[in-house]
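Residue-level structural notes
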Amino acid sequence: MTVPMRARSRDEAHRTATPLELFFDLCFVVAIAQAGRQLVHFLAEGHPGHGITGYLMVFFAIWWAWVNFSWFASAYDTDDALFRVVTLVQISGVLILAAGVPRAFADSDFGVAWFGYLVMRLALVSQWLRAAHGSRGAERRTALRYALGVTVCQAGWLALLFVPASAAPWVFVVMGVLEMSVPAFAEREGRTAWHPHHIAERYGLFLIIVLGETISAATVAVQSALDEHDELGTLLPIAGGGLLLVFAAYWIYFAVPIHLHLRSNTQAFLWGYGHYLVYGSAAAIGAGIEIAVEESTGRAHLSLWAASACVTVPAALFMFTVWLIHSRHQKRGVAQQLVLPVSSVLVLACTFAGELAVLAAGLVASVTVAVGAVLTARQGMALEA
């Protein structure tokens, strides 16, 4: 049954993610896995510039489509038949986009990926138009501005189909800035009714799925290497260090509650936009572990130092970005504030630890968690005293 689309209350109690949202996230990770697989291929073949640029571009498209749906649903999820059908259309779009990822990487052929993005974006425009139909005044104008902004940006992405491959990154930069300007343009008269606790939960759940994909990709890489080379002694430090990095990433991110920080659009949007680096680096850790495995078995055309950097650089970026946009808002005192920035530098230094680089990075991340937990416990005891 279809009901009028009305904004949900920002103070709604027990506002949690729905099964449809979780299904939506799971399907998006299919596209992230494709991007990670292509990143591994190009880095392992010794083409880091092409691989990293392609990864950043494709990941932006995937991430931004997810962001747009998540914030819209936080404000307007009616959970009726029409909302569910349109959401399933958006899921179909991301699967089409995922199918086009290899072409986008290999040949800068964005045709299939662009069409998948078009399907997602037109579905989102229809949702905003429905929200506008059910509202009045400033709320209606905000919904219409969103619909207009998304439509104009989608038309702008057409340039990818006609410009030379060398110009594609510049198109992405320009269009990315325009895309991220749409919320500021649309909500200049008033913000939509997104729910702080719901948004915080949605972002956290998506990170869990991304980390799960990272573990899956790394496990498959280790398994394949064992089947082909049976070099358990070489692979164990990589597998163990990678697992410690993923466990630490989970612990570090969820060590602090963030929903109380999301009080305004400025705070929430900066926090939300920063997750491009959080999610991108988390997914890249898995790709890096795969590359480290391939290098250890002689299948990668890059040095040991470069293979190690494929793990340590995204791991350090994850730590620093989580501190910058997420954790520092809840930290108290110089010691707590310095834990993650210092640890990110130490993880980078592990790049030069040779064959034990991944294990060393994992151990540093584990010590980071332990130090953070001790400092938090001490603060709690001090407050009780």
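Each remark here, short or long, concerns the structure printed above.
Residues numbered from 1 in each chain as written. Predicted model: local features only at pLDDT ≥ 70, side-chain atom pairs only at ≥ 80, totals over all residues. Heavy atoms only, no water.

1. Observations regarding the packing of helix H2 (residues 48–76) against helix H3 (residues 81–107)
Note the following rule: Every axis corresponds to a line fitted to the C-alpha atoms, with the helix fit spanning only the stretch in contact, and the corresponding angles, defined between N-to-C directions, vary from 0 to 180 degrees. Helix numbers and strand numbers start at the N terminus; a helix is a DSSP run of H or I with at least 4 residues, a strand a run of E with at least 2. For classification purposes, an angle smaller than 35 degrees is called roughly parallel, one larger than 145 roughly antiparallel, one from 65 to 115 roughly perpendicular, and anything else oblique. Contacts are assigned to residue pairs that have any heavy atoms within 4.5 Å of one another. The residue classification treats Ala, Val, Leu, Ile, Met, Phe, Trp, Tyr, Cys and Pro as nonpolar and Asp, Glu, Lys and Arg as charged. All others, Gly included, are polar.
Viewed as axis vectors pointing N to C, H2 and H3 meet at an angle of 175°, and their least axial separation amounts to 10 Å. By the criterion of interaxial angle, the relationship of H2 to H3 is roughly antiparallel. Listed contacts from H3 to His50, Gly51, Gly54, Tyr55, Val58, Ala61, Ile62, Phe69, Phe72, Ala73 and Tyr76 of H2 are Phe83, Thr87, Gln90, Leu97, Val101, Ala104, Phe105 and Ala106. In terms of residue class, the contact of H2 with H3 is made up of 14 nonpolar, 5 polar and no charged.

2. With respect to the packing of aromatic side chains
Counted only if it meets this: When two rings of Phe, Tyr or Trp (its six-membered ring) have centres within 6.5 Å they constitute a pair, described as stacked for plane angles under 30 degrees, edge-to-face for angles over 60, and tilted for the intermediate range. When accessible area is computed with a 1.4 Å probe and restricted to protein chains, residues below 20% of their type maximum are described as buried, those above 50% as exposed, and intermediate ones as partly exposed.
One pass over the structure, following the stated rule, counts 33 aromatic pairs. Seen from their ring centres, Trp66 and Tyr203 are 5.0 Å apart, and the 75° between their planes marks the pair as edge-to-face. Within this pair, whereas Trp66 is found in helix H2, its partner Tyr203 is found in helix H7 (residues 196–229), the two being separated by 137 residues in sequence. On the accessibility criterion, Tyr203 (0% relative accessible area) is buried. Arranged with centres 5.2 Å apart and planes meeting at 70°, the rings of Trp71 and Trp194 form a pair that is edge-to-face. Taken together, the residues span a long stretch of sequence, with Trp71 in helix H2 and Trp194 in the loop between helix H6 (168–186) and H7 at a distance of 123 residues.

3. Some points on the nonpolar core
Looking at soluble globular proteins, one finds that nonpolar side chains tend to be buried together. Worth spelling out the cut-off: By convention a nonpolar core is built from buried Ala, Val, Leu, Ile, Met, Phe, Trp, Tyr and Cys residues, the set being connected through side-chain atoms within 4.5 Å.
Counting 121 residues, the largest nonpolar core has Phe28, Trp128, Tyr203 and Tyr279 as its most contacted members. When residues of this core are assigned to their parent elements, the largest contribution, 18 residues, is made by H2. Excluding its chain neighbours within four sequence positions, the residues that come into contact with Trp128 are Phe72, Tyr76, Ala143, Tyr146, Ala147 and Thr192.

4. Some remarks on empty space enclosed by the protein
To keep it simple, the criterion reads: Any residue with an atom within 4 Å of a point lines the site, the site being either a cavity, points on a 1 Å grid over the protein atoms alone where a 1.4 Å probe fits but cannot get out, or a pocket, an open set with protein on both sides within 12 Å along at least 5 of 7 lines. Grid points are joined across faces, edges and corners, and a volume is the space filled by probe spheres set on the points.
On inspection of all chains with the given rule, the structure shows 4 cavities of 30 Å³ or more. Computed from the structure, the largest cavity encloses a volume of approximately 210 Å³. Secondary structure elements with two or more residues in the lining of the largest cavity: H2, helix H4 (111–133), helix H5 (137–156), H6 and helix H9 (265–296). When residues in the lining of the largest cavity are grouped by element, the largest group, 5 residues, is from H2.

5. Focus on a nonpolar patch on the surface
The test is simple: Two joining distances apply to patches: 9 Å for like charges and 5 Å for nonpolar side chains (Val, Leu, Ile, Met, Phe, Trp, Tyr), and every residue must have over 30% relative accessible area and no salt bridge. Surface accessibility follows the Shrake-Rupley procedure with a 1.4 Å probe radius. Residue values consider only the protein chains on display as shielding. A carboxyl oxygen of Asp or Glu within 4 Å of a side-chain nitrogen of Lys or Arg is what we treat as a salt bridge.
There is a patch of nonpolar side chains on the surface, built from Ile208, Tyr250, Trp251 and Phe254 and spanning about 410 Å² of accessible area. The biggest single contributor to the nonpolar patch is helix H8 (residues 232–254), with 3 residues. Here Phe254 lies in helix H8. Phe254 sits in the partly exposed class, given a relative accessible area of 34%.

6. Notes on the pattern of salt bridges
Inspection of every chain in the model, using the stated rule, returns 9 salt bridges. In this structure, the salt-bridge partner of Glu21 is Arg202, at a minimum N-O distance of 3.4 Å. Linking Glu21 in helix H1 (residues 19–44) with Arg202 in helix H7, this pair joins segments that are 181 residues apart in sequence. The exposure class of Arg202 is buried, given its relative accessible area of 0%. In this structure, the salt-bridge partner of Asp80 is Arg130, at a minimum N-O distance of 2.5 Å. In this pair, Asp80 sits in the loop between H2 and H3 while Arg130 sits in helix H4, placing the two residues 50 residues apart along the sequence.

7. Quick word on H3
What counts is decided by this rule: By this rule, a helix spans an expected 1.5 Å times one less than how many residues it contains. Axes are fitted to the seven residues ending at a residue and to the seven starting at it; the angle between these axes is taken as the bend at that residue.
In a regular helix each residue adds 1.5 Å, so 27 residues correspond to 39 Å; H3 covers 40 Å between its end C-alpha atoms and thus fits that length. At Gly100, H3 is bent by approximately 40°, the largest bend along its length, and proline Pro102 sits one to four residues beyond. Looking at the residues trailing H3, positive phi occurs at Ser108, about 55°.

8. Comments concerning unusual backbone geometry
A positive phi angle, close to 55°, is found at His14, a residue other than glycine. Along the chain, His14 falls in the segment before H1. The exposure class assigned to His14 is exposed, which follows from its relative accessible area of 77%. We note that Asp79 has phi near 55°; this positive angle belongs to a residue other than glycine. A residue is classified by how much of its surface remains accessible, and Asp79, at 34% relative accessible area, is partly exposed.

9. Quick notes on the state of the cysteines
A covalent bond between the sulfur atoms of two cysteines is referred to as a disulfide. The criterion, for reference: Disulfides are defined as cysteine sulfur pairs within 2.5 Å.
Inspection of the entire model under this criterion finds 0 disulfides. With no disulfide of its own, Cys350 has Cys310 as its nearest cysteine by sulfur position, at a separation of 15 Å. By relative accessible area, which is 9% here, Cys350 ends up buried.

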